[in-house]
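Structure at a glance
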Amino acid sequence: MAETRLMTINMGPQHPATHGVLRLVLELDGEVIVKTTPHIGYLHRGVEKLAESKTYHQVIPLTDRLDYTNAMGNNLGYVLAVEKLLGIGVPKRAQYLRVLMAELQRIAAHLIWLGTHALDIGAMTLLFYNFREREEILKIFEEVSGGRLTPTYMRIGGVSKDLPDGITDKIKDFVRAFPDHIKEYETLLTKNVIWLKRTKGVGIISKEDAINWGMTGPSLRGSGVKYDVRKAFPYSSYEEFDFEIPIGSVGDVYDRYIVRLREMEWSNAIVEQALERLPKGPVIANDPRITLPPKDDVTKDIAALIRQFKIASEGFQPPKGEVYVGVEASKGELGYYLVSDGSNKPLRMRIRPPSFLNLSALPKMIEGSLIADVISAIGSIDIVLGEIDR
Amino acid sequence: MENSLSIKKLQEKFPASVLEMKTFRDEVTVTVPKKDIFEICKFLYSDPDLQYQMLTDLCGVDYFPQQPRFEVVYLLYSMKNQQRLRLKIKVGDSESASSVESIWKAANWLEREVYDLFGIPFDNHPDLRRILLWDGYEGHPLRKDFPVEGPDFDKPFVPEV
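Residues numbered from 1 in each chain as written. Chains lettered and ligands numbered in written order. Predicted model: local features only at pLDDT ≥ 70, side-chain atom pairs only at ≥ 80, totals over all residues. Heavy atoms only, no water.

A few points about the overall build of chain B
Heads up, the condition is: Per the convention used, a helix needs a DSSP run of H or I reaching at least four residues, while a strand needs a run of E reaching at least two, with both numbered from the N terminus. Only protein chains enter the accessibility calculation, which uses a 1.4 Å probe. A residue is then buried if its area is under 20% of the maximum for its type, exposed if over 50%, and partly exposed in between. Any two residues having at least one pair of non-hydrogen atoms within 4.5 Å are treated as being in contact. Note on areas: Shrake-Rupley with a 1.4 Å probe; residue coverage comes only from the protein chains shown. Positive residues here are Lys and Arg, negative ones are Asp and Glu, while His and the chain termini are left out of the count. Charged side chains are reduced to one point each, which is NZ for Lys, CZ for Arg, CG for Asp and CD for Glu.
In terms of helices and strands, chain B carries three helices and seven strands. In terms of overall dimensions, chain B has a C-alpha envelope of 55 × 30 × 25 Å along the principal axes. Per-residue burial for chain B yields a buried fraction of 55% across its 161 residues. In chain B, the share of contacts with a sequence separation of at least 24, taken over all contacts with a separation of at least 6, comes to 50%. Surface exposure of chain B reaches about 7,700 Å², of which carbon and sulfur atoms provide 50%. Distance between charge centres in chain B, computed from 21 positive and 27 negative side chains, equals 5 Å.

Put into C-alpha cells, the structure is as follows:
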C-alpha cells in the first residue's frame, strides 16, 4: 500500500489574502486542514516598550498606528485610560465628539473589512463601493483633525479642536445617504448564491469556544454572545445613545458578516444621534496641570506660555496606581492597562489587542475544513497586523 | 464594593491566599501567591456564582530593580455578573509561573507573549515558543534593563538560510 503523508503548505507572510504580514503553516490531508500554525510578529515595532520612554501626551500618536483602520477608536481607549488614572472629567461636548468620531471610524473600518473580505472571496465590485464611502469619512476626518489615516484627534481631557464650520452638513449628508449604500452592498452579497456557499457553515466557532479563546467584538457576537463594551462598561456617554447589539446564531463566516453590516447601521444611527444632541461648551477640560492653554493666550500671557512649555516638555505626573480601560474598537475589546509609578512616563502600558486573541482562535475555527475556507475565515475575523504585532 | 462577592468567596475558599487587596479608581486588584494561581483561577472560572469565563488579558510588568521584579497580571471577566477582577502574582528572576492555558485557551498566546517579551516561562504550557520575535533572538525587550534601542539595533537581522 502506498504511504500517505500530510502535506505542509506555507501561506504568507506576503499574501494578498492574509490582510498584512501574517504567515500560516498549514498541514493538509488532501484538501482538509489538519493543523494550522500562525506565525506573527513581522510588524512588531515595540510600541509598548516605546511608550515607557514617552510622556503621557506623546503616546497618543503611537496609538493611531496600532490598528491603522481604527485610529480614532485607539486614541479614545488610550485617553480614557489616562483620564481614569488622573481622575479627571471630560466636557460633555468632547465626549459626544469622541463618540461621533469613533462611530464614523467604526463605519470606515468595517467598510475596509467588507471590501477586502469580499475581494478575497471573489466579489470585486464591492471594494470600489466601500472605498467610495470610506473616502467621504476620511475627508471629514481631514477637515476635523488634519489627518486622514492617523488623525491623533483625541487629547487627554478632551479633543484637539472643535468641529470646523460647515462640517456638520457634510456629516449629515453622509448619514442620510449611508443606509442606501448598505442596501447596495446587500443586493450584491446577502442573497448571492456564491457568497452563501463560501460563507454559510464555514469557519464555525461555538459560543463557549469563542469566549474561552478570548474572542471579542463582532467575531464573538457572530457566535451569539451579547457582549459589547459599549453596553457592558459604558464610557464617553455611550449610555445616552439608543442602539442595539446585533448578534448571530451559528457563529460562521456569514453570521459575522451580517453582524458587521448591522453594526454599521447602528453606528450610523449613533452618529446621527450625536449630531442632533451635540451639547454646547468647551471641547477640552481646563486643568492647568494637564491640558494645554488656549493657543491665543500663549502669545499674550506669560503664565500661559509657562504652562504650555511645562506640559509640552515635562508632561504631568499622575498618582501611583494602575487602571484598565476597555473600549469597543472595530475589531473587539481594545484595552489599555496603564501602570503609573508617579513619574511623568508610564511604567508600563499594556495594550490588549482584540485581533491578537481573535486570531489565536483561527486554528480552532478552520480545523477540519477545506483549504479554500481559510481565506473566508481569515477575512471574517477582520485582523489588522499592526495591532496584533504592535 | 462591586466585587464583594468574588472577594468574599475567594477569602473563604483560600483564606491564606489573599496576600493583598487594593482598590484604585474602583478597580479591585488581588495579589495571590504564585503557587496558588492555577487553583484560584480554576475556582473563579468554575464557581457557579462567579463564572469568570473570559480571560480578558494576561500581561507582565517589570518593576526592576525591586525584588521580586516581575508581576504577572490576570484580568478576568464574568459575563454572568458583568464584573472584572484583576489577579496578580509576583515572579522573581529566573522563576516560572503555572500556565492557566488549560482553563482559558486565550492564555495560550498571551502567555507566549509574556514569555517572549519578559522571559517568564510558564509550566505546563503546551507550546511555549517566542511569538512576536523570532526564535534565536537574544534578550527580552520589555525588561527594564533592556535598552530601548536594543543591543542589536545597528546590526541588520539576516536569517540563516
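Re the overall build of chain A
Quick note on the threshold: All radius of gyration figures rest on C-alpha atoms, and the globule criterion is 2.2 Å times the number of residues raised to 0.38.
The secondary structure content of chain A amounts to 17 helices and eight strands. What you see for chain A is a C-alpha radius of gyration of 22 Å, in line with the 21 Å of a compact globule of 390 residues. Counting only C-alpha atoms, chain A reaches 90 × 45 × 35 Å along its principal axes. The burial tally for chain A puts 63% of its 390 residues in the buried class. Counting only contacts in chain A whose residues sit at least 6 apart along the sequence, the fraction spanning at least 24 positions is 70%. Positive and negative side-chain charges of chain A, numbering 49 and 50 respectively, have mean locations separated by a distance of 3 Å.

As for the layout of surface pockets
Rules: Using only the protein atoms, space was sampled on a 1 Å grid; points where a 1.4 Å probe fits but cannot get out form cavities, open sets with protein on both sides within 12 Å along at least five of seven lines form pockets, and lining residues are those with an atom within 4 Å of a point. Grid points are joined across faces, edges and corners, and a volume is the space filled by probe spheres set on the points. Polar here means any residue outside two lists: the nonpolar Ala, Val, Leu, Ile, Met, Phe, Trp, Tyr, Cys and Pro, and the charged Asp, Glu, Lys and Arg; Gly therefore counts as polar.
Looking at the second largest pocket, its volume works out to about 540 Å³. As for the second largest pocket, its lining consists of 19 residues, of which Lys-84, Phe-233, Tyr-324 and Val-325 of chain A together with Glu-27 of chain B are closest to the centre. Elements supplying a minimum of two residues to the lining of the second largest pocket: α3 (71–86) and β6 (321–328) of chain A together with β2 (27–31) and β5 (83–91) of chain B. Among the residues forming the lining of the second largest pocket, the class breakdown is nine nonpolar, three polar and seven charged.

Structural notes on the nonpolar core
Soluble globular proteins tend to bury their nonpolar side chains together. The cut-off we apply is this: Here, nonpolar core refers to any group of buried Ala, Val, Leu, Ile, Met, Phe, Trp, Tyr and Cys residues whose side-chain atoms link them within 4.5 Å.
Core analysis: the biggest nonpolar cluster contains 156 residues, and Tyr-74 and Leu-87 of chain B have the highest contact counts within it. Tallying contributions element by element places helix α4 (residues 92–121) of chain A first for this core, with 14 residues. Apart from the residues lying within four places of it in its own chain, the contact partners of Tyr-74 of chain B are Ile-37, Leu-55, Asp-57, Leu-58, Leu-85, Arg-86, Leu-87, Ile-89, Ser-98, Val-100 and Phe-122 of chain B. In terms of nonpolar packing, the next biggest core, distinct from the first, is built from nine residues, Tyr-324 and Tyr-337 of chain A together with Cys-59 and Val-61 of chain B among them.

Considerations on the sheet that holds strand β1 (residues 7–11) of chain A
Strand pairing within a sheet occurs via backbone hydrogen bonds; the two strands may be parallel or antiparallel. All names here are of chain A. Inclusion rule: Only strands joined by at least two bridges in the DSSP assignment are considered to pair. To obtain each axis, a line is fitted to C-alpha atoms, and for helices this fit is confined to the stretch in contact; angles are then taken between N-to-C directions over 0 to 180 degrees.
What the three strands build is an open sheet, ordered β1-β2-β3; its pairing is antiparallel. For this open sheet the edge positions go to β1 and β3 (32–39), each flanked by a neighbour on one side alone. Within the sheet, the average angular offset between the axes of one strand and its neighbour, ignoring direction, is 20°. Pairing of β1 with strand β2 (residues 23–29), which is carried by five bridges, proceeds in the antiparallel orientation. Note on β2: the bridge partner recorded for Asn-10 is Val-25. Helix-sheet contacts for helix α16 (residues 371–381) involve β1, β2 and β3, and the interaxial angle to β2 is about 145°.

Topic: the packing of α4 of chain A against helix α11 (residues 253–276) of chain A
All names here are of chain A. Note the following rule: Reported orientations rely on four angle classes, namely roughly parallel under 35 degrees, roughly antiparallel over 145, roughly perpendicular from 65 to 115, and oblique for the rest. By definition, turning the near helix anticlockwise from the far helix through less than a right angle yields a left-handed crossing, and turning it clockwise yields a right-handed one.
At their nearest, the axes of α4 and α11 sit 9 Å apart, and the two run at 150° to each other. Viewed along their axes, α4 and α11 adopt a mutual orientation that is roughly antiparallel. Pair α4 / α11 crosses with left-handed handedness.

What about the packing of aromatic side chains?
Residue and element names in this part refer to chain A. Inclusion rule: Stacked, tilted and edge-to-face are the three classes assigned to paired rings of Phe, Tyr and Trp, where Trp is represented by its six-membered ring and a pair needs centres within 6.5 Å; plane angles under 30 degrees give stacked, over 60 edge-to-face, the rest tilted. Put simply, a charge is over a ring when the Lys NZ or the Arg CZ is close to the ring centre, within 6 Å, and near the line of the ring normal, within 35 degrees.
Applying the stated rule across the entire model yields 16 aromatic pairs over all chains. A centroid spacing of 5.5 Å and a plane angle of 20° characterise the contact between Tyr-56 and Phe-316, whose relative ring orientation is stacked. Of the two residues, Tyr-56 is situated in the loop between α1 (47–51) and α2 (60–64) and Phe-316 in the loop between α13 (302–313) and β6; the sequence distance between them amounts to 260 residues. For Tyr-56, a relative accessible area of 1% translates into the label buried. Summarising the aromatic geometry, the rings of Phe-174 and Phe-178 are spaced 5.2 Å apart at their centres and angled 20° between planes, so their arrangement reads as stacked. Linking Phe-174 with Phe-178, this pair stays in helix α6 (residues 167–189), spanning four residues, or about one helical turn. No difference in accessibility class separates Phe-174 from Phe-178, as the two residues are buried. One aromatic cluster is present, formed by Tyr-96, Tyr-235, Tyr-238, Phe-241 and Phe-243 through successive ring pairs. Taking NZ or CZ as reference, Arg-132 lies 4.8 Å from the ring centre of Tyr-129, over its face.

Section: the interface of chain B and chain A
For clarity, the cut-off: Joining two parts hides part of their accessible area as seen by a 1.4 Å probe, and the buried area is that hidden amount summed over both. For salt bridges, the criterion is a side-chain nitrogen of Lys or Arg within 4 Å of an Asp or Glu carboxyl oxygen. We define a polar contact as two N or O atoms separated by no more than 3.5 Å, with the added condition that, inside protein, one atom must be a possible hydrogen donor and the other a possible acceptor, whereas residues neighbouring each other in sequence contribute only through side-chain atom pairs.
Each partner contributes to the interface: chain B provides 43 residues, whereas chain A provides 48 residues. Approximately 3,800 Å² of surface area, both sides summed, lies buried where chain B meets chain A, with 60% of it carried by carbon and sulfur atoms. It is Arg-25, Trp-109 and Leu-132 of chain B that lose the most area in chain B upon contact with chain A, and together they represent 18% of the buried surface on that side. Scanning the region where chain B abuts chain A turns up eight salt bridges. Across the salt bridge formed by Lys-144 of chain B and Glu-52 of chain A, the nearest N and O atoms sit 3.1 Å from each other. The interface formed by chain B and chain A includes 20 residue pairs in polar contact (both at pLDDT 80 or more). Breaking the side of chain B that touches chain A down by element, the ones donating at least two residues are β2, β3 (54–62), β4 (70–78), β5 and α3 (107–118) of chain B. No other element matches the eight residues that β3 of chain B contributes to the side of chain B that touches chain A.

Some words on the environment of Pro-353 of chain A
Within the fold, Pro-353 of chain A resides in the loop between β8 (348–352) and α14 (354–360). With 24 residues separating them along the chain, Pro-353 of chain A and Ala-329 of chain A place their C-alpha atoms 9.6 Å apart.

Quick notes on the environment of Glu-244 of chain A
Residues and elements named next belong to chain A. Mapped onto the elements of the fold, Glu-244 is located in the loop between α10 (229–232) and α11. Residue classification places Glu-244 among the exposed residues on the basis of a relative accessible area of 52%. Between the C-alpha atoms of Glu-244 and Asp-228, which are 16 residues apart in sequence, the distance is 9.8 Å.

The values are spatial; any link to function lies outside them.
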